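Spelled out, the chains give:
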Amino acid sequence: HEITGKQYSSAMFRLFIIFLLTYQVLLSPVPNNGVFQYIDAHQDEFIQRLKDWVAIESDSSDPSKRDLVNKMMEMTKDYILKLGGSVEMAEIGEQELSSGEKIPLPPVILAELGNDKSKPTVCFYGHMDVQPAKQTDGWLTEPYTVVEKDDNLYGRGTSDDKGQVLALLHALESVNVMGLPVNVKLAIEGMEEVGSDGLEKLVEDKKDTFFSNVDYIVVTDTPWLSKKPGITYGARGNCYFFIEVQGARRDLHSGGFGGTVHEAMSDLIYLLNTLADGKGRILVPGIYEAVAPVGENETDLYKNLEFSLEEMQADTGVKQFLHDTKEDLLMHRWRYPSLSIHGIEGAFSGTGTKTVIPAKVIGKFSIRQVPNMEPSVVNKQVTDYLEAKFSERKSPNKIKVTMVIGAKPWLADMNEPQYLAARRAVKRVFNLEADMIRAGGTIPIAKTLEDVLGKSVMLLGIGGPDDAPHGQNEKISKYNYIEGTKLYASYLQELSSTSS
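Residues numbered from 1 in each chain as written. Predicted model: local features only at pLDDT ≥ 70, side-chain atom pairs only at ≥ 80, totals over all residues. Heavy atoms only, no water.

1. A word on the environment of Glu 57
Rules: Runs of H or I in DSSP of at least four residues are treated as helices and runs of E of at least two as strands, each being numbered from the N terminus. Contacts: residue pairs with any heavy atoms within 4.5 Å of one another.
You can see Glu 57 is positioned in the loop between helix H3 (43–54) and helix H4 (66–82). Separated by 187 residues in the primary sequence, Glu 57 and Glu 244 have C-alpha atoms spaced 36 Å apart. Other than its neighbours up to four places away in sequence, Glu 57 contacts Lys 65, Leu 68 and Tyr 144.

Here it is in structure tokens:
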């Protein structure tokens, strides 16, 4: 059709405006839709709920407090139901006590919010049990009463993991005001602090039902490396060993038998001393052969991370580390194996003096392994080495080497869609680029979920580097707690944008 120049100009102008608006939408972050304002307006309520939950002494290590762990699981279920979710309290069997009595394990919460097949589904993992805590252990305050001081919230579980789970649930409440952008599932347990009894079997049993449509998995139980937000994409494994040395039939008096017998303690100290050199290098033959080689430009990943050796020295009281640069220290903390000696069972450890020669002692040590080390291989290498070293000593005593834990390392691709969504969420909330970090410790649930379900796993925690999650005076800062709530809310929105 014929059009005038004026009509053409008008049409082109309208097309140009449409282009600009479309371009702006494509480049702009997902809109907050009032979510941040909702979180700010309800932060006092969110803090009070944390106080209420911390007050429940859900110590999973003490069977006499099992009713309190169950109460905590019920409170969590009730809040999820209030959010509009559906909840199954999955039974996972019984725990046999040393007395022979059996008591039920706490149920695992399997919850679901949203079931839109056109949207991706993300499953969050967390736990409601806590480590033991008493004020007489050295706490400055009552552990199960949250105390606000210097913009921190002190109390057992504030960071590990009640505070982090609550931040997620509050994010769901806040986002739900505008409608959930993705489907959400929750797997929340009550036995994490004592080894997650029954959880792996539950995941196996439910992989074709509850977990069948899960696209992404997020663990909400990790700290940042510094005050700068971090996203964790890897963790070391753990091979934990006992070396048992048996000497005499009973403990002996050093006055009557010193200098006449091969002492079990001397044998054990000798063996422990053969495991690593003064620089921390493991001396077990072949232990480094399976370690994944350092990739091209991998060292660059550590250069821009916010981390200070000086601050770490001040915090720990350590005068000198085994490595002098940030890059070397972090790589040996995260991507190389390490060996640590933890203790000796059967030896005299009380105050004062006791001139005993122990008949049997058990040394305890662990090797934190990294990709591509296999626990079964490490077990054989360590056992063969210690037996060979003991043979060289020509002691008549007997030794037994046992690997009691064999948790595998875990490493994810930080360029997977949910990692990109999390990085955009960090940028949106904190106006910072996220530090991409690894954990020097072991997070068995991450590897279990990845292996069983075959899905992308990410650790998106909001704990601070100085929260002392298993120690005295555990805390979470109000900043991390509230801004972390915004982070989870933004992640849900950004994940929807990434997957659309």
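2. Regarding the UniProt feature "binding site: Mn(2+) 1" (unreviewed entry) in the chain
Note the cut-off: UniProt positions are given in the numbering used here, feature names are shortened, and annotations may be inferred rather than shown by experiment.
As annotated in UniProt, the feature "binding site: Mn(2+) 1" (unreviewed entry) corresponds to Asp 160, Glu 193 and His 470 in the numbering used here. Across 311 residues in sequence, these annotated residues keep their C-alpha atoms within 9.6 Å of one another, forming a single compact spot. Inspection of the secondary structure assignment puts Glu 193 in the loop between strand S8 (183–189) and helix H6 (199–206). The contact partners of Glu 193, leaving out residues within four places of it in the chain, are Ser 60, His 127, Asp 129, Val 130, Gln 131, Asp 160 and His 470.

3. Observations concerning the UniProt feature "site: Important for catalytic activity" (unreviewed entry) in the chain
This is how the line gets drawn: The buried label applies to any residue whose accessible area, calculated with a 1.4 Å probe on protein chains only, is under 20% of its type's maximum; exposed applies above 50%, and partly exposed to all values in between. Counting of polar contacts relies on pairs of N or O atoms within 3.5 Å, with two restrictions inside protein: one atom must be capable of donating a hydrogen and the other of accepting it, and residues adjacent in sequence are counted only when both atoms are side-chain atoms.
Taken from the UniProt record, the annotation "site: Important for catalytic activity" (unreviewed entry) applies to His 253. Tracing the backbone shows His 253 in strand S12 (residues 252–253). For His 253, a relative accessible area of 48% gives the class partly exposed. When neighbours within four sequence positions are excluded, His 253 is seen to be in contact with Gly 258, Thr 355 and Ile 357. At a separation of 2.7 Å, a polar atom in the side chain of His 253 contacts the main-chain amide nitrogen of Gly 255.

4. Things to note about the environment of Gln 246
Here Gln 246 shows up in strand S11 (residues 238–246). Gln 246 gets classed as partly exposed once you look at its relative accessible area, which sits at 26%. Taking the C-alpha atoms as reference points, Gln 246 and Pro 358, 112 residues apart in sequence, are found 9.0 Å from one another. The contacts of Gln 246, once residues within four sequence positions are left out, are Ala 359, Lys 360, Asn 397 and Lys 398. Among the polar contacts listed, one links the side chain of Gln 246 to the backbone oxygen of Ala 248, at a separation of 2.9 Å.

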